[in-house]
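# Chain and residue survey
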Amino acid sequence: GAAGICGDVTEFAPDGRRTRRYLIPNTPAVEAVAYSPCGRRLAALDGFAAWLFRPGERRPVPLHPGGKKKLAAVAFAPDGRLLTAGTDGVVRTWD
């Protein structure tokens with residue numbers, strides 16, 4: 001599983017051991033996280049921006065640099081595409 005607070009995302013093994021920690025620059029809090037179906041990619045939202053973590057990389061790739069409308073949810077489709085949903089009712093997909 002994964003949890004995020006204070007601009008970081010920490011992965012935990014089933015036994016509770018911390019396995020990895022990712023930092024999101026200039027982010028006060030992480031509000032949502034999701035794993036890809038293959039379990040190798042992790043996405044995170046900080047409210048107004050979406051970030052993608054790839055295997056072996058410690059820095060995230062910014063997908064949605066932030067805007068005026070808040071992002072409310074993040075998920076991966078079964079085919080691996082990343083989905084974000086905003087409070088404006090728009091669902092965005094990212095390849």
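This part takes up the sheet that holds strand E10 (residues 91–94). Strand order in the open sheet formed by 3 strands is E8-E9-E10, and the pairing between neighbours is antiparallel. Every interior strand has two partners, whereas the edge strands, strand E8 (71–76) and E10, have only one. Each strand axis lies, on average, 20 degrees off the axis of its neighbour in the sheet, ignoring direction.

Right, let's talk about the pairing of strand E4 (residues 32–35) for a bit. Every other side chain in a regular strand lies on the same face of the sheet, so the side chains alternate between the two faces. Residues Ala32 and Ala34 of E4 are buried on one face, while the alternating residues Val33 and Tyr35, pointing to the opposite face, are not. Note that E4 and strand E5 (residues 42–45) share 4 bridges and pair antiparallel. Pairing of Tyr35 across the sheet is with Leu42, part of E5. Connecting E4 to the next strand, E5, in antiparallel fashion are 6 residues, including Gly39 with a positive phi near 80 degrees.

Thresholds applied
- Residues numbered from 1 in each chain as written.
- Predicted model: local features only at pLDDT ≥ 70, side-chain atom pairs only at ≥ 80, totals over all residues.
- Heavy atoms only, no water.
- Pairing = 2+ DSSP bridges.
- Helix = DSSP H or I, 4+ residues; strand = E, 2+ residues; numbered from the N terminus.
- Axes fitted to C-alpha atoms, helices over the stretch in contact; angles between N-to-C directions.
- Buried < 20%, exposed > 50% of the residue type's maximum accessible area, 1.4 Å probe, protein only.

Everything listed here is a matter of geometry and, on its own, says nothing about what the molecule does.
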